[in-house]
Amino acid sequence: MKRAIKKVAVLGSGVMGSRIACHFAGIGVQVLLLDITPKDIAADAKPAERNKIVNDALTAAIKSNPSPVYHKDVVKKISTGNFEDNMKDIAGCDWIIEVVVERLDIKQKVFEQVEQYRKPGTLITSNTSGIPIYMMAEGRSEDFKKHFCGTHFFNPPRYLRLLEIIPTPHTDPAIVDFLMNYGDLYLGKTTVLCKDTPAFIANRIGVFGMMAIMHVKEKLKLSIDEIDALTGPVIGRPKSATFRTADVVGIDTLVKVARGVADNCPADEARDQFTIPDWLEKMAGNNWLGDKTGQGFFKKTKGAGGEKEILTLNLDTMEYAPRVKPKFATLEAAKPVDDLYTRLKMLLAGQDKAGEFYRHFHYSLFSYISFRIPEISDELYRVDDAMMAGFGWEIGAFESWDVLGVAKTAEAMKAAGYKVATWVEEMLAAGNKSFFKVEGGRKFSYDPASKSYKALPGGEAFIVMSNYTDKQIWKNGSCRLYELGDDVLGLQWFTKMGSIGSDVLSGIQTAIDKAEKNYKGLVIANEGANFSAGANVGMIFMFAIEQDYDELNMAIRYFQQTMMRARYSSVPVVVAPHGLTLGGACELNLHADKCHPAAETYTGLVELGVGLIPGGGGTKEFVLRASDEMHEDEPETITLKNRFLSIATAKVATSAHEGFNMGIYRKGQDELAMNQGRRIADAKKSVIEIYDAGYTTPVPRNDIKVLGQSALGALYSGVHAMQTANYATAHDALVAKKLAYVMCGGDLSEPTLVSEQYLLDLEREAFLSLCGEKKTLERIQSVLKSGRPVRN
């Protein structure tokens, strides 16, 4: 059966339901969002009154931060209603998702209603996080059971990439295959097949990890602030670490899941770890549930001067006190190390209390995951996938064990009193030294059932360039260049936040040189948390503070030349960005033959945030595109003004969809990748298609229309008005006027056709002049001190 999803019904509009609806609408699917009617509402009341609950929930979701939608027009795809009046409308839907309260009796009642109106063959799934899937389908028809399973989204659905698929014994395998594929291709998810066991995979392991940390905390007498310092980004986990994550998720939710595992897994060898500590019970009893009640492990208050202050709960006194920055020798030594693998080894080797904590925590985690195979999953890679996609871990638990050495760590675990599952012992005894291995660019995972290694599914659809180390053909201090197969090269770099400095520019130039000689083209991408936060502002600051303008001029010129090299190479250059893609990184996107941005790509020309203008060809490119967009039926200044405002306000697209609307990505040319993991393979495919279609080097542009004085006066007036109204400082106005001057082509008396090089020279001159401004240097210094990327 060929199945298409054109309309989805979401039953339940709470926090999860409304956001799942937004995510489906965001990919272009029509959504029917239903919920209960208000209590005691009259049957003949107006629809707006009967739909108040669902409408209020959707409105709250749209206004929430972070936004659940890719762009503001998404809401037009969502229609609302209630269970009494509109359940009949599910007959026109291709997929029905239940997201009501976590009570089996209520879910079964909803499914009874659904069966009255659902057309045969329609998908029906539940977003439950804990109720056994098979129990919800009891008493339903054969067709219902055949098309029913669990689809567990993680909150917020737009940002957390995990989608757990949990079939029952009655679920048609074809339905499972469809959902695994649809979630991956269209919803952009890491789809993980789970067994119908308590808490499935991610919550089972994730909540165990949190509870284990709490017990180790008690054992080593560590504070909340100390634990969160030890369990955040330094070990490849989110900034929210342990206790902040608990506040976000909700203390009640944590307690419920932990208690559910303890109650429903009597054979779990670590069942005692799910015992709720007395202080956690007290917090739940006090209704200190975290963000939802205003206080949990942390509490936001206002200091004596009115400034915001975050207090931490002392679990001994149950009173809040100012946060204390922890200090551990092991932590301080590891923090400066960029490589996560190296950091993990250093942390577990530490001889202070931090090192002791890391050993206890990791040993307990490794022991636990070893015993969960095959209980919760037959394949160990699914456990790692679930934790990375659902809990934001940089690397999974089994991969962490690999990093530390499986055999060495297993011996240390046993010496410390932690058990290791028999299949791990057998794996090691057979001479297999790791859970994962890479061969020929493919990643393989050990399979305990067959006692052999099997390739991870996905094949060529998921390219991880770091897996091509045996096909690395060139490197420098920051960059690595790989052969990706089919005569395509792949370039990535390893710098802090992906910053672009001289090493990276040299890498791009070298990669293009090599591609032009022997290959079809080049893919440029990164596999860190972000593509790139932009140019290396530290280098700019160094040259500017020393007033070494010749070096600065050469550096800016080299950046421009590199961008133009990407534009006018003799082979296709395709960029596959994700995450932060700011400033100079955005300029690289603007000059590529094609881009494959991940849906979660946040891009923009943000240089005005530090008192500069885009100097790597970004200003030029916006003028060029404005020239191409000018139409006879509207004032020429409108298009230019819109482009000017994007740069002048340092506007950043909050998704790739917005990037298309802002004109950074080109509709009909660039392609969005819903699944971030597919973007590099998609980019490689595009390189081959463009090359095979007869790619020829583009001709440099000499026909860019600039408006000169006719537009310059209008832009200057706008800047003056902003300054007069105190929306812009004197320095902001100075920078904006420099930008306007470049974008208008200078003080020309009439509209004129100019070349790209003409605009690049104007752009570089303006950039250099602003580098000498005291306020600009102060802003750059502030950004460098903060360690955060340049933003508006």
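Everything here concerns the structure above.
Residues numbered from 1 in each chain as written. Predicted model: local features only at pLDDT ≥ 70, side-chain atom pairs only at ≥ 80, totals over all residues. Heavy atoms only, no water.

Digging into the overall build of the chain
In step 1: Broken down by element type, the chain carries 32 helices and 24 strands.
In step 2: The C-alpha radius of gyration of the chain comes to 28 Å, within 12% of the 28 Å expected for a compact globule of 792 residues.
In step 3: With the C-alpha coordinates aligned to their principal axes, the bounding extent of the chain is approximately 80 × 70 × 65 Å.
In step 4: Taking all 792 residues of the chain together, 55% fall into the buried category.
In step 5: Taking the contacts inside the chain whose residues are at least 6 apart along the sequence as the reference set, 70% of them involve residues at least 24 apart.
In step 6: In the structure as shown, the chain presents an accessible area of about 33,500 Å², 52% of it carried by carbon and sulfur atoms.
In step 7: With 94 positive and 98 negative side-chain charges, the chain shows a separation of 2 Å between the mean positions of the two kinds. (Helix = DSSP H or I, 4+ residues; strand = E, 2+ residues; numbered from the N terminus. Rg over C-alpha atoms; globule rule 2.2 N^0.38 Å. Buried < 20%, exposed > 50% of the residue type's maximum accessible area, 1.4 Å probe, protein only. Contact = heavy atoms within 4.5 Å. Areas by Shrake-Rupley, 256 points an atom, 1.4 Å probe, with all protein chains shown as cover. Lys, Arg positive; Asp, Glu negative; His and termini not counted. Charge placed at Lys NZ, Arg CZ, Asp CG, Glu CD.)

A word on the sheet that holds strand β13 (residues 442-447)
In step 1: Read from one edge of the open sheet, 3 strands run β12-β13-β14, paired in antiparallel fashion. In this open sheet, the two edge strands, each paired with only one partner strand, are β12 (436-439) and β14 (452-455). On average, adjacent strands in this sheet sit at an angle of 35 degrees to one another, irrespective of strand direction.
In step 2: Relative to β13, β12 runs antiparallel, the two sharing 4 bridges. Bridging from a neighbouring strand, glutamate 439 pairs with arginine 442 of β13. (Pairing = 2+ DSSP bridges. Axes fitted to C-alpha atoms, helices over the stretch in contact; angles between N-to-C directions.)

Regarding the packing of aromatic side chains
In step 1: Tallied over the entire structure, the rule returns 27 aromatic pairs.
In step 2: Between phenylalanine 24 and phenylalanine 153 the ring centres are 6.3 Å apart and the planes differ by 65 degrees, which places this aromatic pair in the edge-to-face class. Here phenylalanine 24, found in helix α1 (residues 15-26), pairs with phenylalanine 153, found in strand β6 (residues 148-153); they are 129 residues apart in sequence, far enough to count as distant. Phenylalanine 153 shares its class with phenylalanine 24; the two are buried.
In step 3: Judged by centre distance (3.9 Å) and plane angle (5 degrees), the ring pair of phenylalanine 208 and tyrosine 368 falls under stacked. With phenylalanine 208 in helix α9 (residues 202-220) and tyrosine 368 in helix α16 (residues 353-371), the pair connects residues that are 160 residues apart, well separated along the chain.
In step 4: For tyrosine 368, a relative accessible area of 0% gives the class buried.
In step 5: Members of the aromatic cluster, joined through ring pairs, are Phe366, Phe398, Trp401, Trp423, Phe435, Tyr446 and Tyr453.
In step 6: The ring of phenylalanine 144 has arginine 140 lying over it, and the distance from NZ or CZ to the ring centre is 6.0 Å.
In step 7: Lying across the ring of tyrosine 716, lysine 737 places its NZ or CZ 5.8 Å from the centre. (Phe/Tyr/Trp six-rings, centres within 6.5 Å; stacked < 30°, edge-to-face > 60°. Lys NZ or Arg CZ within 6 Å of the ring centre and 35° of its normal.)

Things to note about α9
In step 1: Compared with the 27 Å implied by 1.5 Å per residue over 19 residues, the 27 Å span of α9 between its first and last C-alpha is a close match.
In step 2: Burial analysis of α9 places 16 of its 19 residues in the buried class, the great majority of the element.
In step 3: Phi turns positive, to about 55 degrees, at lysine 221, one or two residues after α9. (Expected span 1.5 Å × (residues − 1).)

Describing the pattern of salt bridges
In step 1: Tallying each qualifying case throughout the model produces 49 salt bridges.
In step 2: For lysine 620, the salt bridge goes to glutamate 621, with nearest N and O atoms at 3.0 Å.
In step 3: Residue glutamate 621 is classed as buried on the basis of its relative accessible area, which comes to 2%.
In step 4: Taking the shortest distance from any N to any O, the salt bridge between glutamate 629 and arginine 643 comes out at 2.4 Å. Pair noted here: glutamate 629 is in helix α25 (residues 618-629) and arginine 643 is in helix α26 (residues 636-648), with a separation of 14 residues, a long-range link.
In step 5: Salt bridges sharing common partners tie together Arg204, Asp268, Glu269, Arg372 and Glu375. (Salt bridge = Lys/Arg side-chain N within 4 Å of Asp/Glu carboxyl O.)

No statement about biological role is implied by the geometric values presented.
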